[in-house]
Amino acid sequence: ELAAVWTLQLSCAEIAKEIEVEIDFLTTRARNVPERHRSMRAVFGTSWEKLSRKEKDVLQKASVFRGGFDRKAAQVVTGASLYSLSDLISKSFLSVAENGRYAIHELLRQFAAEKLAEQGLLAQEVRASHGRYFLTFLAERNLTEPAEVLESSQNIDNVRAAIRWTVRHQSRSLDYSIAYTLWKLFDLNGWLLEGETTFRWIVDQLLPDCVDPLIVENKEDQQSCFRVAVYQNALCKFQTRRYRLLEAEESAKLALQWLPATEEMDFLALRAESLYYLGMIKFSQGALIQALNSYQQAGEVYKVVGDQRQFGWVLHGQNVLLQNTGEFDAAEGHLNSMQQIAVQMDDSGLARAKWNELGKLATIRGQLDEAEAYFDKSLEQYADFNWLPVVAYVFRERGEVSRLKGYYAEAKNYAQRSIALAEDINMPHPIILSLWLLGNVAVDEGHFETALHYFAEYEQISTPLQEQIGGPGWALLGLSRLAEARQQFAVSVQRMINNQARPIGLDALVGMAHI
């Protein structure tokens, strides 16, 4: 009834949003309504007074949870017993779902949070306990199994709240080890924009506590610099995912700058990872020789550290690069070495990555049935995790196989699925690649003007260096616009000369021969 009066001015969605922001939004001025029913605050206040001291204590402490909580979290953070939780459920202050997770209505949570705030020091202690619990929860998870991913995703609101409180109040206690798990959790769910925003905010909050890494005088200052470098490097990962390449390159270089000059293994490992991402960025910019140099530096440092798993990912990056320089046998050799490491380390991440790369090699070699099977296997593997960024890429690669087999409707379907998924998660790069694929399909179908439209869309969000095999030169050739076609092909040939991008250059030379 208190909400109904607002329906003349606001939509239901707007009313719900206002309720989330302000408990006093639901208030009536009607004089014929009893005082205890004139607002939600009054309703809650009447019910609050009927609770026992223990029930009040548990409920106000439970207000620090976001998005629900399980019994273990309640016991650690609030000191609640199963009996006290059961009593609060019976009195409708809490609810419990079939999966055992407890929930508190947002309006009631706001009311209880106000009661907790009145307790002064206790409120800070409870929030600190909540922060410690969920940051420890995150640090203990590798996210290698779907069940772990689901559990962590269910607690994402608690993790967000824990990070915000810890960074604001106890920034030096923020364990850098959670950066990887937090990055992976955001990445798995496709929360790329939020991930970039979150890590940028963390870096901005941590920077004031740091000194110049060249003049650190004690272990604590050294760790502060290292912490900034860790989160700066994680920011680079999201910027790379979102194809913000110049910003990603700056973040990677800043991470390297913030690393103190020491030979400690953790510091060297981070140096290697930043170099690895510089390799990925340079590859995406089309600077293949610079990318290879960064990968080689990263690999050498990982050998010193003795991190076989991460060295496997360097091999993965070099494999992709070698495919683009036309050194397919060498690429396959790197891929085989990566597979051996995956078996030795029992690493499911490296094991999953092989299917997509095997598919790309088979596509290049014209083994299209094998390529199709590899990509389908890759989709199956990543679908188990619902790892959206990778799925978006594999859709595109699967569409390329369909194009080469002449199944144009199927190719367009895969490209559109890749674009739709990438748009949902704010990830431009699969969109770029899929637009190029749609352009090539249109060329194959003889729809040359349509092809030019797709290539023009591509150029709006990409750089000229990110071209692939095919492209506008072939559409212009189909329209007999030979001078323009020659100019397009000449750019690709020059790229082959400058960056050893042989497959693209050879495709352009074939176009020149047609002209």
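Novice: Summarise the packing of aromatic side chains; cite the residues concerned and give the values.
Specialist: What the rule picks out here adds up to 21 aromatic pairs. On the numbers, 5.7 Å between centres and 20 degrees between planes, the contact of Phe 69 with Tyr 102 is stacked. Taken as a pair, Phe 69 in the loop between helix H3 (53–62) and helix H4 (71–78) and Tyr 102 in strand S2 (residues 102–103) lie far apart in primary sequence, 33 residues in all. Note on accessibility: Phe 69 and Tyr 102 belong to one class, buried. Here the aromatic residues Phe 65, Phe 69, Tyr 102, Tyr 133, Phe 134 and Phe 137 are joined through ring pairs into a cluster of three or more. In this arrangement the basic side chain of Lys 237 is found over the ring face of Trp 183, its NZ or CZ atom lying 4.4 Å from the centre.

Novice: Any details on the pattern of salt bridges? Residues and values, ideally.
Specialist: Scanning the model with the defined rule gives 37 salt bridges in all. When the shortest N-O distance is used, the salt bridge between Glu 247 and Arg 200 registers 3.7 Å. Residue Glu 247 is located in helix H13 (residues 245–258), and its partner Arg 200 is located in helix H11 (residues 192–206); the two are separated by 47 residues in the primary sequence. The class of Arg 200 is partly exposed, set by a relative accessible area of 29%. Measuring nitrogen to oxygen at the nearest pair gives 3.0 Å for the salt bridge that ties Arg 398 to Asp 376. Separated by 22 residues along the polypeptide, Arg 398 in helix H20 (residues 388–404) and Asp 376 in helix H19 (residues 368–385) bring together distant segments of the chain. Given the relative accessible area of 33%, Asp 376 is considered partly exposed. Sharing partners across several salt bridges, the network here consists of Asp 369, Glu 372, Asp 376, Arg 398, Lys 405 and Glu 410.

Novice: Outline the side chain of Ser 129, supporting the account with residue identities and numerical values.
Specialist: Note on placement: Ser 129 falls in helix H7 (residues 121–139). A relative accessible area of 14% places Ser 129 in the buried class. Not counting residues within four places of it along the chain, the set of residues in contact with Ser 129 comprises Val 76 and Val 77.

Novice: Hey, could you go over the environment of Glu 357 for me, with residue numbers and the actual values?
Specialist: Looking at where Glu 357 falls in the secondary structure, it is placed in helix H18 (residues 348–364). Distance in space between the C-alpha atoms of Glu 357 and Gln 340 is 15 Å, their sequence separation being 17 residues. Only 3.3 Å separates the side chain of Glu 357 from the side chain of Gln 323, close enough to count as a polar contact.

Novice: Give a detailed account of the confidence of the model for the protein, specifying residues and quantitative values.
Specialist: The pLDDT averaged across the protein works out to 89; a share of 91% of its residues lies at or above 70. Within the protein, helix H21 (residues 408–424) carries the highest mean pLDDT (97), whereas helix H1 (residues 12–21) carries the lowest (60).

Novice: Explain the packing of helix H9 (residues 156–169) against H11 to me, using residue names and the numbers behind them.
Specialist: Contact geometry for H9 and H11: axes closest at 10 Å, N-to-C directions at 15 degrees. Classed by the angle they form, the pair H9 and H11 counts as roughly parallel. Where H9 crosses over H11, the two elements pack in a sense that is left-handed. Contacts between H9 and H11 involve Arg 160, Ile 163, Arg 164, Val 167 and Arg 168 on the former and, on the latter, Glu 194, Trp 201, Ile 202 and Gln 205. Residues belonging to the contact of H9 with H11 are distributed by class as follows: four nonpolar, one polar and four charged.

Criteria and cut-off values
Residues numbered from 1 in each chain as written. Predicted model: local features only at pLDDT ≥ 70, side-chain atom pairs only at ≥ 80, totals over all residues. Heavy atoms only, no water. Phe/Tyr/Trp six-rings, centres within 6.5 Å; stacked < 30°, edge-to-face > 60°. Helix = DSSP H or I, 4+ residues; strand = E, 2+ residues; numbered from the N terminus. Buried < 20%, exposed > 50% of the residue type's maximum accessible area, 1.4 Å probe, protein only. Lys NZ or Arg CZ within 6 Å of the ring centre and 35° of its normal. Salt bridge = Lys/Arg side-chain N within 4 Å of Asp/Glu carboxyl O. Contact = heavy atoms within 4.5 Å. Polar contact = N/O pair within 3.5 Å; in protein donor to acceptor, adjacent residues only side chain to side chain. pLDDT = per-residue confidence, 0-100. Axes fitted to C-alpha atoms, helices over the stretch in contact; angles between N-to-C directions. Parallel < 35°, antiparallel > 145°, perpendicular 65-115°, else oblique. Left-handed = near helix turned anticlockwise from the far one by under 90°. Nonpolar A, V, L, I, M, F, W, Y, C, P; charged D, E, K, R; others polar.

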